[in-house]
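If you want the building blocks of each chain, they are given just below.
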Amino acid sequence: MDFGFTKEQLMFKQEVLRFAKKEIVPRVQEHDLASAFDFAAFRKMGEFGLLGLHLPETYGGQGADVVTTVLAGEALGEAGVDGGLTLAYGAHSFLCADTLFRHGTEDQRRRYLPRLCTGEWIGCMGLSEPDAGSDVAAMSTEAVRHGDRYILNGTKMWITNGPIADVAVVYAKTDPGQKHAGISAFVVEKGTPGFSAGPPLIKMGVRTSKTSELIFKDCAIPAANLLGREGEGFLYAMQTVEWDRSALLAPFLGSITYLLKRCAEYAKGRVQFGRPIGHFQAIKHKLADIRIFGEAARALVYRIAWCKDQGRPLNHLEASVAKLFIGDWSLAVTNDAVTLHGGVGFTHEFDVERIFRDTRLAPIGGGTSEIQKMIISKLM
Amino acid sequence: MNFDFSETLKQWFAALVEAGKDLAGLLELEEADEKAAASGLRQGLARLAALGYLRVQTRQTDGDKNGVLALMGAMEQMAGCCPSLFLATEYSTRVFGRAVSAWGSAAQRTRWLDPLAEGVLVGAVALSEGAMNVENEPLATRGQRRGDKITIEGRKQSVVNAPAADVIAVAGSLEGEPALFLVPRAAAGLTVSPRRVTMGYAGVLIADLTLEACALAPDAVIAVPDMARMLDGLRFWENQVLVAAALGQMRMALDAARDHAKTHRSGGRPIIAYQEVGFKLAEMLTLHQTAQWLAYRAAWAAEAAPKEAQSLTLCAKIFATEAAERVCGSALQILSSTGYLKGHPAEVAYRAAKYGQIAGTSTEIARVRLGDEAMGWR
């Protein structure tokens, strides 16, 4: 057993940290307050090579392993990049681009991946629906084959990057009589007649990521837009869970490191009762709890990434453990961070407030904590 | 990066578990009186010595088994079989043994560590004093040279293994310099109080010591380079033991609760089918696995990243010991009256769990240290 990283991996993490601090972080607060997606930062991430980091160079990627990809995500969070932009990056790179790479034809890969790697195009994934969130098999969006086309009808909900995406990986029932086995995956481009996105949702946190419905009304797409094979869509969607529990959680790990630094700086500088509040044990205890949470979460995420690099099938129990722990336990420490800052922690002046709001998604998005508990208890 | 133990280690762990379970059934330490506890400890040590368990980190064993990470994995297995035997063994082997190994002379190492590794010697370390807090209070135990002897005066509290030990390493100072005094159990001037009755670890013999004009030969003194290093080292090894103990307690309680939830039926179905029970088990497993990986990472750092090791071990200790109390408490809830019976694994684990938060670096002091470190004050 060895928890060490290679020198190259650590150097790359430092490069990403420097890049993010210089090119993205100065713009974060402005975009968060405006609830605006930072297109320029996203393109810079593409130029730097982050958007296709794990994809082969043939398609414009960097060919990095999963552990390196996780470290890059961690560096984004550690630099202070907001949860909205990192969520958009995750949905784009892992839920959309990776699915296209894993299951797309060579033509599909050539058409989409280079554009997604540079950030010229933005990708999203449409799986959840208004009445089919955790219960994916209950989805009602249908894709009916008519000759050389599929006609899509239905509505997808909670789609990260939905309003700004150029291309979407969409899951729909091709056999409504079946549950999971009736689901297939498709690629749908912006501008396709019958395909539209709803207005951006106004959210509590991760405000710089744009979230909306995807609406399909008699949307005809070429049969060639089927991804992989009919009836295998659910399997493809579940494969993204590996990314969801590793690379998508990685920026969050980094943001806890960032949060600890911010809180420590504040505790050293804020004077009450004649001394910095950091001298009070209660404050030290809060700092300790943030550190402990970050360290505890770290090995869970690294392990999933390492297993993926080894080509091992996802251990669903361990993946759910990681998601449940990070989702549930993050709330207390981010809440403590706000409290530690007192009144200013409740304002936009300090970004602990944003991190608290962004973190509130952790036990909800990508499978609620309750769903993780269901999975774990069934697998025990 | 590699998240797997080697096959050799896995086989060794399996052998330890087999021995640990045998010993738990044979010795019944959790129900033992003082005499039975002392003799049970020696029987246990003899069996564990045969498996090479007592050589790890004190007397060289083969490379694969000698690392701190391998030790953490092995301790975790033992802790989950027989908590009292585990704790007594570790305070002897890994706290006393590592102190002698780290700071003792070649002659001292030969004299004490060989029999320790063979399972024929029980050691103890006496650290805490009246204030119990070695962070803020200087040690009052002192030695003085008188002719060709060194005499020690002092009082120590809550010394694990004191009534059963052949030798006790007493932490103090010798004319202003930090020292460990190796006091034989039969030394004149050493008084061991009656065994303390404790909430958990019923099979561990814990007592206080009084040293009054306790005379030792000079070769019974280990000179330690610096007091902070000595205290940090002793606490560090103790904390590692307590982390492993917590992992073992969680495993015991979780296994018992899971098995019960799968087989005990209510309303026509196993109780695990009810979300109130299933979700509780999921939370317990999550705490256990998270603590386990944090413990492994901290143990790995002890050798691979020493600068991080102290603080990572404190993180692991706080998290694992607090998680253990929570997991064991939830197990009792799931097990209902079955788990509340004296001697049930979950009951034994629950009573033992609190000790981990108090002993070693207490969770409160550990948090202060981590907070100071976050602010660059340490």
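1. Some thoughts on the overall build of chain A
Secondary structure summary: chain A contains 12 helices and 10 strands in total. Over its C-alpha trace chain A gives a radius of gyration of 21 Å, about what one expects of a compact globule, namely 21 Å for 380 residues. Seen through its C-alpha atoms, chain A measures out along the principal axes to roughly 80 × 45 × 40 Å. Per-residue burial for chain A yields a buried fraction of 60% across its 380 residues.

2. Structural notes on the overall build of chain B
Within chain B, the regular secondary structure consists of 12 helices and 10 strands. Over its C-alpha atoms chain B spans a radius of gyration of 21 Å, differing by no more than 12% from the 21 Å that the globule rule assigns to 378 residues. In terms of overall dimensions, chain B has a C-alpha envelope of 80 × 50 × 40 Å along the principal axes. Taking all 378 residues of chain B together, 61% fall into the buried category. When the accessible surface of chain B is summed, it comes to about 14,200 Å², and 50% of that surface belongs to carbon and sulfur atoms. Charged side chains of chain B number 39 positive and 41 negative; the gap between the two group centres comes to 1 Å.

3. Focus: the interface of chain A and chain B
With 42 residues of chain A at the interface, the matching set in chain B holds 42 residues. Interface of chain A and chain B: buried area, both sides summed, is about 4,200 Å²; carbon and sulfur atoms make up 72% of it. Three residues stand out in chain A for area buried against chain B, namely Met1, Phe3 and Met380 of chain A, and they jointly supply 22% of the buried area on that side. Arg367 of chain B is the salt-bridge partner of Asp289 of chain A, the closest N and O atoms lying 2.7 Å from each other. Across the chain A-chain B interface, the total number found is 15 residue pairs in polar contact (both at pLDDT 80 or more). Those elements that place two or more of their residues in the side of chain A that touches chain B are α8 (250-269), α9 (281-309), α10 (316-340) and α12 (369-379) of chain A. A total of 16 residues in the side of chain A that touches chain B trace back to one element, the largest contributor, which is α9 of chain A.

4. Points about helix α12 (residues 363-374) of chain B
Residue and element names in this part refer to chain B. Here α12 is 12 residues long and its end C-alpha atoms lie 16 Å apart, about the 16 Å a rise of 1.5 Å per residue gives. Three or more residues of α12 are buried, namely Thr363, Ile365, Ala366, Arg367, Val368, Arg369, Leu370, Gly371 and Asp372. Positive backbone phi, approximately 75 degrees, marks Gly376, located one or two places after α12.

What counts and what doesn't
Residues numbered from 1 in each chain as written. Chains lettered and ligands numbered in written order. Predicted model: local features only at pLDDT ≥ 70, side-chain atom pairs only at ≥ 80, totals over all residues. Heavy atoms only, no water. Helix = DSSP H or I, 4+ residues; strand = E, 2+ residues; numbered from the N terminus. Rg over C-alpha atoms; globule rule 2.2 N^0.38 Å. Buried < 20%, exposed > 50% of the residue type's maximum accessible area, 1.4 Å probe, protein only. Areas by Shrake-Rupley, 256 points an atom, 1.4 Å probe, with all protein chains shown as cover. Lys, Arg positive; Asp, Glu negative; His and termini not counted. Charge placed at Lys NZ, Arg CZ, Asp CG, Glu CD. Contact = heavy atoms within 4.5 Å. Buried area = accessible area lost by both parts, 1.4 Å probe. Salt bridge = Lys/Arg side-chain N within 4 Å of Asp/Glu carboxyl O. Polar contact = N/O pair within 3.5 Å; in protein donor to acceptor, adjacent residues only side chain to side chain. Expected span 1.5 Å × (residues − 1).

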